[in-house]
Amino acid sequence: MLSALSSLQPRQLAAQVLNFALVLSTAFMLWKGLSVVTDSPSPIVVVLSGSMEPAFQRGDLLFLWNRGLDTQIGEIVVYNVRGKDIPIVHRVVRRFGGGDTPLRLLTKGDNNAADDTELYARGQSYLNRSKDVIGSVVGYIPFVGYVTILLSEYPWLKTVMLGLMGLTVVLQRE
């Protein structure tokens, strides 16, 4: 492999590196465009636990929509707990307010015995729909997100995968 890399002319090598940068920047722009269209900072998330079984399994890829702020009981939402960076996918079991007052939601995992008040930030007994919820689930693809789980559980896989992707792009002949 190294001999193939060293046999490339500087111009060819630069073209391959720029091609790789183009692929990465295109993926980034698609992500940001999807964020704008869905009005969600994270328009696609992966289910990380079994708390929503049987509705969603660990590794399911979820598509979110955050344009309608009138969330109903039974709707599945994804929210971030204040001070933590891990999104949680749970079902709305109660709603308070709405209209002139801010809509507040109480959520619970389908596979959990109790509601999510223990998961919320200290002193928080409900979710503020406009501040805490990052989107409602509108679709999913089963198990596709399992790659993300593997990459987060085994960080060395990220390096291997990025290295292989980089080598593939650089060594690819046009």
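Residues numbered from 1 in each chain as written. Predicted model: local features only at pLDDT ≥ 70, side-chain atom pairs only at ≥ 80, totals over all residues. Heavy atoms only, no water.

Draft legend 1. Structural detail: the overall build of the chain. From N to C terminus, the chain includes 5 helices and 7 strands. Over its C-alpha atoms the chain spans a radius of gyration of 21 Å, topping by over 25% the 16 Å that the globule rule assigns to 174 residues. The C-alpha extent of the chain, read off along each of the three principal axes, is 65 × 30 × 30 Å. Out of the 174 residues in the chain, the part that is buried amounts to 30%. Within the chain, counting contacts between residues at least 6 apart in sequence, those at least 24 apart form 57% of the total. For the chain, the accessible area works out to roughly 10,900 Å², and carbon and sulfur atoms hold 63% of it. In the chain, which carries 16 positive and 14 negative side-chain charges, the distance between the mean positions of the two groups comes to 5 Å. (Helix = DSSP H or I, 4+ residues; strand = E, 2+ residues; numbered from the N terminus. Rg over C-alpha atoms; globule rule 2.2 N^0.38 Å. Buried < 20%, exposed > 50% of the residue type's maximum accessible area, 1.4 Å probe, protein only. Contact = heavy atoms within 4.5 Å. Areas by Shrake-Rupley, 256 points an atom, 1.4 Å probe, with all protein chains shown as cover. Lys, Arg positive; Asp, Glu negative; His and termini not counted. Charge placed at Lys NZ, Arg CZ, Asp CG, Glu CD.)

Draft legend 2. A look at helix α5 (residues 156-171). When the terminal C-alpha atoms of α5 are compared, their 22 Å separation across 16 residues agrees well with the 22 Å that a helix rising 1.5 Å per residue should span. Among the residues of α5, Gly166, Val169 and Val170 are the ones counted as buried. Viewed along the axis of α5, the buried residues span an arc of 95°, placing them on a single side of the element. Exposed side chains of α5 directed beyond 90 degrees from the buried face belong to Trp156, Leu164 and Thr168. (Expected span 1.5 Å × (residues − 1). Arc of directions from axis to C-beta.)

Draft legend 3. Highlighting the nonpolar core. Grouped together as the largest cluster of nonpolar side chains are 12 residues: Val77, Tyr79, Val81, Ile88, Val92, Leu103, Leu105, Leu106, Tyr120, Ala121, Leu127 and Val133. Only β3 (76-80), β4 (87-98) and β5 (101-108) provide two or more residues apiece to this core. With 3 residues, the top contributor of residues to this core is β5. Ranked by size, the runner-up nonpolar core spans 11 residues in total, among them Phe56, Leu62, Ile76 and Val137. (Core = buried A, V, L, I, M, F, W, Y, C linked by side-chain atoms within 4.5 Å.)

None of the figures reported here should be taken as evidence of function without further support.
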